[in-house]
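Here's the letter readout for the chains.
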Amino acid sequence: MAGELPFEKPLSDLREKIKTLETLAAGNGMDFSEEIARLEERCKQLEQEMYQELTPAQKMHVARHHQRPTTLDFIQAVFTDFIELHGDRLFADDLAIVGGLAKLNGVPVTVVGHQRGKDTRDNIARFFGSPHPEGFRKALRFMQQANKFNRPIITFIDTKGAYPGNTAEERGQSEAIARNLREMAGFGVPIICVVIGEGGSGGALALGVGNRVLMLENAIYSAISPNGAASILWKDASKADQAAEAMKITAKDLLAFEVIEDIVEEPQGGAHRDLAYTAEHLKAKLWSHLQELRAMTPEELKEDRYSKFRKIGKFQIAQQTRAEEQQTTQLQSAADESSEAAAAGGEASTEKAALPESAQV
Amino acid sequence: MQIKDLFTKKKYATVPSERPKRDIPEGLMNKCTRCGTIQYSKELEKNLKVCSSCGYHFRLSAWERIAMTLDEGQLTEYDTELVSEDPLGFPGYASKLEQQLAKNPNLREAVVTGEGTIGGLPVVVAVMSFDFFSGSMGSVVGEKITRAVEAALDKRLPLIIFSTSGGARMQESILSLMQMAKTSAALSKLHEAGGLFISVFTDPTMGGVSASFASLGDYNLAEPGALVGFAGRIVIEQTIRQKLPDNFQTAEFNLQHGQLDMVVHRNDMKHMLTKLLDMHTAGEGLSNGG
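An unreviewed UniProt entry lists chain B under the name Acetyl-coenzyme A carboxylase carboxyl transferase subunit beta, with Paenibacillus algorifonticola given as the organism. Under the UniProt heading Subunit (unreviewed entry), the entry covering chain B gives this text: "Acetyl-CoA carboxylase is a heterohexamer composed of biotin carboxyl carrier protein (AccB), biotin carboxylase (AccC) and two subunits each of ACCase subunit alpha (AccA) and ACCase subunit beta (AccD)." For chain B, the Function (unreviewed entry) comment in UniProt is given as "Component of the acetyl coenzyme A carboxylase (ACC) complex. Biotin carboxylase (BC) catalyzes the carboxylation of biotin on its carrier protein (BCCP) and then the CO(2) group is transferred by the transcarboxylase to acetyl-CoA to form malonyl-CoA."

Per an unreviewed UniProt entry, chain A is named Acetyl-coenzyme A carboxylase carboxyl transferase subunit alpha, and its organism is Paenibacillus algorifonticola. Reading the Subunit (unreviewed entry) entry of the UniProt record for chain A gives the comment "Acetyl-CoA carboxylase is a heterohexamer composed of biotin carboxyl carrier protein (AccB), biotin carboxylase (AccC) and two subunits each of ACCase subunit alpha (AccA) and ACCase subunit beta (AccD)." Quoted verbatim from the Catalytic activity (unreviewed entry) field of UniProt, the annotation for chain A is "N(6)-carboxybiotinyl-L-lysyl-[protein] + acetyl-CoA = N(6)-biotinyl-L-lysyl-[protein] + malonyl-CoA".

Peer 1: Tell me about the nonpolar core, and name the residues and values.
Peer 2: Ranked by internal contacts, the top residues of the largest apolar core, which has 153 residues, are Phe79, Phe156, Tyr221 and Leu286 of chain A together with Leu159 and Ile160 of chain B. By residue number, the principal contributor to this core is helix H5 (residues 173-192) of chain B, which donates 10 residues. Every residue in contact with Leu159 of chain B, bar those within four places of it in the chain, is listed here: Val124, Ala148, Val149, Ala152, Leu187, Leu190, Leu196, Phe197 and Ile198 of chain B. Among the nonpolar cores identified, the runner-up in size contains 16 residues, and Leu5, Ala25, Leu39 and Leu46 of chain A belong to it.

Peer 1: Any chance you could break down the pairing of strand E3 (residues 107-114) of chain A for me, citing the residues and the numbers?
Peer 2: Consecutive residues of a regular strand have side chains that alternate between opposite faces of the sheet. Residue and element names in this part refer to chain A. The element E3 is extensively covered by neighbouring structure, given that seven of its eight residues are classed as buried. Inspection of the sheet shows strand E2 (residues 97-104) paired to E3 by eight bridges, in the antiparallel sense. Opposite Leu104, over in E3, you have Val107 as the bridge partner. In textbook terms, the turn of a hairpin is the stretch between consecutive antiparallel strands, and for E2 and E3 this stretch comprises two residues, one of which, Asn105, has a positive phi near 50°.

Peer 1: Any chance you could break down the UniProt feature "zinc finger region: C4-type" (unreviewed entry) in chain B for me, citing the residues and the numbers?
Peer 2: When the UniProt feature table is mapped onto this chain, "zinc finger region: C4-type" (unreviewed entry) is found at residues 32-54 of chain B. Between the end C-alpha atoms of residues 32-54 of chain B there is a gap of 9 Å, over a span that is 26% helix and 13% strand.

Peer 1: So what's going on with the domain arrangement of chain B? Which residues, and what values?
Peer 2: All names here are of chain B. When cut into domains, chain B gives domain 1 (24-58) and domain 2 (59-281). The C-alpha-based centres of domain 1 and domain 2 are spaced at 24 Å. Of the roughly 810 Å² buried where domain 1 meets domain 2, counting both sides, 50% is carbon and sulfur surface. Our count for the domain 1 to domain 2 interface comes out at one salt bridge.

Peer 1: Which residues make up the sheet that holds strand E7 (residues 159-165) of chain B, and what are the values?
Peer 2: Whether parallel or antiparallel, the strands of a sheet pair through hydrogen bonds between backbone atoms. Residue and element names in this part refer to chain B. Pairing is mixed across the open sheet formed by seven strands, whose spatial order is E3-E5-E6-E7-E8-E9-E10. Both edges of this open sheet fall to strand E3 (76-77) and strand E10 (262-263), since each of them pairs with a single strand only. Helix H9 (residues 266-281) rests against strand E5 (111-118), strand E6 (121-128), E7, strand E8 (197-205), strand E9 (219-222) and E10 of the sheet, and its axis sits at about 170° to E9.

Peer 1: I'd like to hear about the pattern of salt bridges, residue by residue, with values.
Peer 2: Within the structure shown, the criterion is met by 38 salt bridges over all chains. Across the salt bridge formed by Glu183 of chain A and Arg182 of chain A, the nearest N and O atoms sit 3.4 Å from each other. Accessibility classification places Glu183 of chain A together with Arg182 of chain A in one group, the buried group. The partner of Arg108 of chain B in a salt bridge is Glu325 of chain A, and the shortest N-O contact between them spans 2.7 Å. Taken together, the residues Arg108 of chain B in the loop between helix H3 (93-103) and E5 and Glu325 of chain A in helix H15 (residues 322-343) connect one chain to another. The exposure class of Glu325 of chain A is partly exposed, given its relative accessible area of 22%. Because the salt bridges share partners, they merge into one network encompassing Arg310 of chain A together with Asp79, Glu143, Arg147, Glu150 and Lys182 of chain B.

Peer 1: Account for the confidence of the model for chain B, naming residues and giving values.
Peer 2: Per-residue confidence for chain B averages 91 on the pLDDT scale, and 92% of its residues sit at or above 70. Here the predicted complex carries an ipTM of 0.89, next to a pTM of 0.88.

Peer 1: So what's going on with the interface of chain B and chain A? Which residues, and what values?
Peer 2: Facing 66 residues of chain B, the contacting portion of chain A comprises 57 residues. Across the interface of chain B and chain A, roughly 5,400 Å² is buried in total on both sides, 65% from carbon and sulfur atoms. Between chain B and chain A we count five salt bridges in total. One salt bridge connects Glu150 of chain B with Arg310 of chain A, and the closest N-O pair in it is separated by 2.7 Å. For the interface between chain B and chain A, the tally reads 22 residue pairs in polar contact (both at pLDDT 80 or more). Residue assignment for the side of chain B that touches chain A shows that the elements contributing at least two residues are strand E4 (82-84), helix H4 (139-155), H5 and helix H7 (233-240) of chain B. At 17 residues, H5 of chain B tops the list of elements feeding residues into the side of chain B that touches chain A. The pairing of strand E9 (residues 315-317) of chain A with E4 of chain B spans three bridges and is antiparallel.

Peer 1: Account for the packing of aromatic side chains, naming residues and giving values.
Peer 2: Residues and elements named next belong to chain A. Applying the stated criterion to the full structure yields six aromatic pairs over all chains. Look at Phe79 and Phe156: their rings are 6.2 Å apart centre to centre, the planes differ by 90°, and that puts the pair in the edge-to-face class. With Phe79 in the loop between helix H4 (71-78) and strand E1 (80-84) and Phe156 in strand E4 (residues 153-159), this pair connects stretches of sequence that are 77 residues apart. We classify Phe79 as buried; its relative accessible area is 6%.

Peer 1: Any chance you could break down helix H2 (residues 62-69) of chain B for me, citing the residues and the numbers?
Peer 2: Buried residues of H2 of chain B: Ala62, Arg65, Ile66 and Thr69 of chain B, and no others. Projected down its long axis, H2 of chain B shows its buried positions confined to an angular sector of 100°, all on one face.

Peer 1: Which residues make up the environment of Gly208 of chain B, and what values do they have?
Peer 2: Residues and elements named next belong to chain B. Among the structural elements, Gly208 can be located in helix H6 (residues 207-210). Taking C-alpha positions, Gly208 is 9.7 Å from Met178, a pair spaced 30 residues apart along the chain. If we ignore the near neighbours within four places in the chain, the residues touching Gly208 are Met137, Gly167, Ala168 and Met180.

Peer 1: Hey, could you go over the domain arrangement of chain A for me, with residue numbers and the actual values?
Peer 2: All names here are of chain A. On domain assignment, one finds that chain A holds domain 1 (7-52) and domain 2 (62-310). The gap between the C-alpha centroids of domain 1 and domain 2 is 39 Å. Listed by partner, the interface residues are five residues for domain 1 and four residues for domain 2. Note on domain 1 versus domain 2: buried area summed over both sides is about 360 Å², and carbon and sulfur give 51% of it.

Peer 1: Tell me about the UniProt feature "domain: CoA carboxyltransferase C-terminal" (unreviewed entry) in chain A, and name the residues and values.
Peer 2: Those places that UniProt annotates as "domain: CoA carboxyltransferase C-terminal" (unreviewed entry) correspond, in this numbering, to residues 31-292 of chain A. The span residues 31-292 of chain A is 46% helical and 19% strand by assignment, and the distance between its end C-alpha atoms comes to 59 Å.

Peer 1: So what's going on with empty space enclosed by the protein? Residues and values would help.
Peer 2: As enumerated under the stated definition, the model contains three cavities of 30 Å³ or more in all. Along the wall of the largest cavity there are 15 residues; nearest its centre are Ser174 of chain A together with Ser215, Val228, Asn254 and Gln259 of chain B. Among the elements that take part in the lining of the largest cavity, helix H8 (residues 173-186) of chain A stands out by supplying three residues, more than any other. Classifying every residue of the lining of the largest cavity gives four nonpolar, nine polar and two charged. By volume, the second largest cavity amounts to about 50 Å³. Among the elements that line the lining of the second largest cavity, the one with the most residues is H5 of chain B, at three residues. Taken together, the residues that form the lining of the second largest cavity break down as four nonpolar, two polar and two charged.

About the cut-offs
Residues numbered from 1 in each chain as written. Chains lettered and ligands numbered in written order. Predicted model: local features only at pLDDT ≥ 70, side-chain atom pairs only at ≥ 80, totals over all residues. Heavy atoms only, no water. UniProt positions renumbered as here; feature names shortened; annotations may be inferred. Core = buried A, V, L, I, M, F, W, Y, C linked by side-chain atoms within 4.5 Å. Buried < 20%, exposed > 50% of the residue type's maximum accessible area, 1.4 Å probe, protein only. Helix = DSSP H or I, 4+ residues; strand = E, 2+ residues; numbered from the N terminus. Contact = heavy atoms within 4.5 Å. Pairing = 2+ DSSP bridges. Domains from an automatic or database assignment. Buried area = accessible area lost by both parts, 1.4 Å probe. Salt bridge = Lys/Arg side-chain N within 4 Å of Asp/Glu carboxyl O. Axes fitted to C-alpha atoms, helices over the stretch in contact; angles between N-to-C directions. pLDDT = per-residue confidence, 0-100. Polar contact = N/O pair within 3.5 Å; in protein donor to acceptor, adjacent residues only side chain to side chain. Phe/Tyr/Trp six-rings, centres within 6.5 Å; stacked < 30°, edge-to-face > 60°. Arc of directions from axis to C-beta. 1 Å grid on protein atoms, 1.4 Å probe; cavity = no way out; pocket = protein on both sides within 12 Å on 5 of 7 lines; lining within 4 Å. Points joined across faces, edges and corners; volume = space filled by probe spheres on them. Nonpolar A, V, L, I, M, F, W, Y, C, P; charged D, E, K, R; others polar.

Put into structure tokens, the structure is as follows:
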């Protein structure tokens, strides 16, 4: 099967077997129909088992599939009358970001998103969907325009992250991302964001401050790519699968954390198997969320967005002050130490005494 | 004896000394990280932890910075009770947090927030500490910064944030990432209300902190030599396989590329902050006609 992922191998092996039997049957005139039917049944069963609950690492591979639909695919499939716009008016037209005007069920909206390339040449032109500052500023310009003309904004998130390079740093990568976060928070129009593939780090979030954030079923979203996390934590980027499991990157996890509001269903095997199916489901979700948001005033929309992000975060409230806590731990460790010292025949205490207190300036 | 033996180095056995370096008490002297000059710790403290020889600005903990920046070093601290938890059940996070707490007796997280005065003018401040978990931003850091912004907004006080951070705290993954949006959204409110925010980058400020609140100051300042940027040097070198300039991502590099208003020596920082604050309070109460 074209574009098969490693974990899908058993399935394609089985399909291969069926095909061999079929050609054999056709060539020899032998009857394998019973055998074939049995294998096909097994194939179906395996397919169901396999795709019913993909592991986070498997979802990561589906999300990164080279045939996975991109922002432009979804714009074409979900909207009508798309007019593409270009440039940030400051420096360049970053092709890692695409956007413009379109209609959703006849309603004019601004669409903008990260754009991965379809092949190597396209990928080089689009920096593999990793924007430079001019890309984020291009997106901001489109969104400011939407805000001016009271048009809803729909963003598509699909990037491994902002472009890591000297040119990007020179032109203020941090500032460009930060400004998008602040400006998106302040817009008085509905903003719906959809993570369609990989949502990696600040480069993803720079298009992600919406009233509603949706994710496709197999999309992933995280503070750092699983590969990056693996290389930092375990000094081994090949442990990305392991990191993917630990980092809670799936749509289901993020729904539980209330980081996203809704999940868009994908066909079995992933969005690349059936773009029309995925687009239809996405369109329905976008429309229903947009209907709700269009009923709100600009002030309500801003407040809605603020309160959504304001409440994200998990922490505890300590009962003691830090000083009290220190005291208890000190007492604790003193008690531990004295008992240890007693056990070790007083060795620990002599060691300590060798370094006079006054020496620790 | 052969002639080449003349050139071989003689090998000596090293006998460990009976009294290993007990003579110089630990912490009395300090070696500069950059130029290697050895100086008295007390002298270094007096010089605000700036190397007298090369001007290297040593990294400061939050409390050291508070002591040298706020009047009388006085801070009425906010939100002291917020502590991190392990929301993802991330392998090793809980024990790493405990380590960080044990190593930093005065800190509960990578940021200290509160209010005080600078040059007699009241301010809300947030001061980050790199020694706690590399200053990484998790839920608590995001929440404390957001609450500080909200306090500045409610009390109509100027806000000053001293940043230092390695970036997002990946052990909190998506929740950590969302703190970027949360803090920036709060700053959006402050911005709209006409509130003053001065951001001071200190060494190093990278990743998610640099790409959110730290870059959103009305005035962006940095200490000399501070590393400020989004992606780290190693990541960039690995991705584009290009040699980067030596001064890459330093405060001076950022100033040159228009990302900062000024680079301010630590000795002048308090004075500069006072001057900026004064620009926003002086003349208040005067009617238009004067």
